[in-house]
Amino acid sequence: MGQLTVEDIELILETAESLKEISEREIKKVPTLRGKSVVHFFYEPSTRTRTSFEMAAKRLSADTVSLSASGSSMVKGETLIDTARNLQAMNPDLIVLRHSSGGAPHLLAKEVKAGIINAGDGINEHPTQALLDLYTIKERKGRIKGLKVAIIGDIAHSRVARSNIIGLNKMGAQVTISGPPTMIPLQAESLGVKVVHNIAEAIEDRDVIMMLRIQLERQSKILFPSIREYATFFGLNKEVMKRAKKDVIVMHPGPINRGVEIASDVADGPYSVILDQVANGVAVRMALLYLLIGGARSDNLD
Amino acid sequence: MTIWIRDGKIVDSVRGVVQKRDIIVERGRISRIPKPGAFKEKGPKLRIIDASGKIIVPGLIDMHVHLREPGHEYKETIATGGKAAVAGGFVGLACMPNTDPINDTSAVTEFILRQARKSNLVKVYPIAAITKGQKGENLTEFGDLRRAGVEGVSDDGFAVSNSEVMRRAIEYARYYDLVVISHCEDTNLSEDGVMHEGVVSTQIGLRGIPAASEEVMVQREISLARLTGCPVHIAHVSTAGSVQLIRRAKEEDVPVTAETAPHYFSLDHRAVIGYDTNAKMNPPLRTPEDVEAIKRGLAEDVLDVIATDHAPHSPLEKDLEFDRAAFGIIGLETALPLTLALVEEGVLSLPEAIKKLSYNPATILGVNGGSLREGGSADLAILDPKQEYTLKAGDIQSKSKNSPFIGQPLKGRNLLTMIGGRIVWKRAREHLGG
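Residues numbered from 1 in each chain as written. Chains lettered and ligands numbered in written order. Predicted model: local features only at pLDDT ≥ 70, side-chain atom pairs only at ≥ 80, totals over all residues. Heavy atoms only, no water.

Enquirer: Can you help me understand the pairing of strand β5 (residues 148-152) of chain A in this one?
Expert: Residues and elements named next belong to chain A. Counted residue by residue, β5 has four buried out of five residues, so it is predominantly covered. Where β5 and strand β6 (residues 174-178) come together, five bridges link them in parallel fashion. The residue bridging I151 from the neighbouring strand is I177, located in β6. Running through helix α6 (residues 159-170), the crossover from β5 to the neighbouring parallel element β6 is right-handed. In this sheet, strand β8 (residues 208-211) lies alongside β5 in parallel orientation, the contact comprising four bridges. Bridge pairing in β8 links I152 to M211. (Buried < 20%, exposed > 50% of the residue type's maximum accessible area, 1.4 Å probe, protein only. Helix = DSSP H or I, 4+ residues; strand = E, 2+ residues; numbered from the N terminus. Pairing = 2+ DSSP bridges. Right-handed = clockwise from strand over helix to strand, strands pointing away.)

Enquirer: Explain the interface of chain A and chain B to me, please; I cannot follow it from the model alone.
Expert: As a measure of interface size, the accessible area lost when the parts come together is often cited. Across the contact, 24 residues belong to chain A and 17 residues belong to chain B. Surface buried jointly by chain A and chain B totals about 1,700 Å² across both partners, of which 51% is contributed by carbon and sulfur atoms. Those elements giving two or more residues to the side of chain A that touches chain B turn out to be α3 (80-89) and α4 (104-111) of chain A. If one sorts the elements of the side of chain A that touches chain B by residue count, α4(A) sits on top with three residues. (Contact = heavy atoms within 4.5 Å. Buried area = accessible area lost by both parts, 1.4 Å probe.)

Enquirer: Can you help me understand α6(A) in this one?
Expert: Every α-helical turn comprises 3.6 residues, leaving residues that sit three or four positions apart pointing alike. All names here are of chain A. Under the 1.5 Å per step criterion, the end-to-end length of α6 is 17 Å for twelve residues, consistent within 8% with the ideal 16 Å. When you tally the buried positions in α6, you get nine out of twelve residues, the bulk of the element. Looking at α6, one finds that the buried residues are R159, V160, A161, R162, S163, N164, I165, G167 and L168. Where α6 begins, one side-chain oxygen reaches toward the backbone nitrogen of V160, 3.3 Å away; that side chain belongs to S158. Following α6 by one or two positions, G172 has its phi on the positive side, about 90°. (Expected span 1.5 Å × (residues − 1). Polar contact = N/O pair within 3.5 Å; in protein donor to acceptor, adjacent residues only side chain to side chain.)

Enquirer: Please clarify how the sheet that holds strand β1 (residues 37-42) of chain A should be interpreted in this entry.
Expert: Whether parallel or antiparallel, the strands of a sheet pair through hydrogen bonds between backbone atoms. Residue and element names in this part refer to chain A. One open sheet accounts for four strands, arranged β2-β1-β3-β4; its pairing is parallel. If you trace the sheet from one side to the other, it starts and ends with β2 (63-68) and β4 (115-121), each paired once. Between one strand axis and the next, the sheet turns by 15° as a mean value, whatever way the strands run. Relative to strand β3 (residues 94-99), β1 runs parallel, the two being bridged by five bridges. Counterpart to V39 in the pairing with β3 is I95. (Axes fitted to C-alpha atoms, helices over the stretch in contact; angles between N-to-C directions.)

Right under this line is the structure:
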């Protein structure tokens, strides 16, 4: 998101809006990207993002190839640069990269001519998630500028948070972050956000609440003592929601941990737009594919 | 044969002066340091080196390098590291034990010294591991290693996390006059980190290594040195907090000495933006405020030594994703210009700067050298402090080219290095006569 201008973001969101309708048709396919090839290179496991990109590419008639780390030569010890050179030799138009290392798309971009879409790199960025979140906010609220957004959870280790903060700031929203102090990065204010200690206070008077997924498998040992305690003090439940605005929307990038960072009745409740986010993800990714390899423009997106 | 180095200025670090003097070298030693015009001999056996406009310094000594041999000869060997050293003006290197096998027995030490003799360039001062296998558990045989030729002990690359082991190491090392060099890092705090934890890591989404991971260990070493009265040398100081701790310890006469590396006063953590793996080292590049504190620490003699932490890596370890790449950069060929930049900036006088690159490390290691004196071995370097150039990968003598300074403008260059009266390096196309 760091590389995108406000105009770029607006163009992507407008394009997504016009393409969204394709996914609602009986025959969900247009020939726009016929003859173009897209490599989905997922070094890290992913269900939502990967399926969403696949759907988007197929609905635009691009040929897609999927690679995962476990099924690729990466397990045989090939470096990312070598894999990139081999992919380049097959001359794809676009590579969608998900990688566990921050900055990996930058490394790949030096080696290949194809455009690159960052589908999440380490704890750095997840720009397409931020774009679909922006789209969803705009769809629901009619605007982004001037809105108050709270992002709650493990900000320090979240690429979703970092990309959303950058994107929301660019589009003129005010972002507040909150979570256990162990999950707030050092000098967080330098990201252009307000840090609020208490989560109930953080969601009060906000137009949008964005919950982050807690990675139970990796972090439960040190960053917080137990899931039970996390759910009690940092989870979004009905009780906390009483402090929220009546027209608030609740977002979550998925996959959700029911009963941990978000209670089921909130996730499935009237404020929730979680499934809209997923639907919009396809439209936003179609827009990106179209803009990067469908028209005249061709450059990298991060 | 007699060598007459004439019309240059010599740096006397011990007395803190730069003066016009000639140097006469006979039988590998400096026989006289006459005033200009005082030496008048002629003859076929006289070789003249014209050093007009140049600076003559004692041969530099780097007390912290990784020569990679044995085990990682594809990155560097004692011979190629020696070549990089003499190109950079160094005549002596203390090499860290994290080779394969680790230098934790006299057999490895003897091998290193044999390879050094074979390459016949720089003097090599092996540093052995403090603990067997650098595992932090059992002490290596300091006495046996001393006898084989080591000058110090260090588990560099790792900290000795068990404080009791470290206490016993510094006590025991004193019996053999071995310097104990501490790599200060609390690895529980730094675990998974790949750059300094601060505003840049927050913005570019890389895991951080907090300044505290260095500082808590610096404080521990100071406490142990105070407790035992035995000296400790702190390796590669990178933070303002460490400088402050060492300053206070020195004021209280705790026997502690310290070094920093040129990159800690030349670059800060913003160099990581763009994910250049040549900006990845351990300890990491810190904040601009830390850089200023390091400079102040050098100026106030809190930091005694400038050592390079020369850490050669091949593209196999560096052309990778940032968090998978190895820590470390080469430094032997850039230490001099980067240090001279501090002189230009007014942080250090020229004699002070050279002292931290020669006399002080020699003294801490307990080896000869580090000054130009009549009767001493003719180990020296002739510099052009004004020469400006851009560092090119092709000019680097080290086998590895992992330097963030490639493509950067530098000022100040070593033209000639002499060890024991023998010219071991002379920069091509420089007219020095001789």
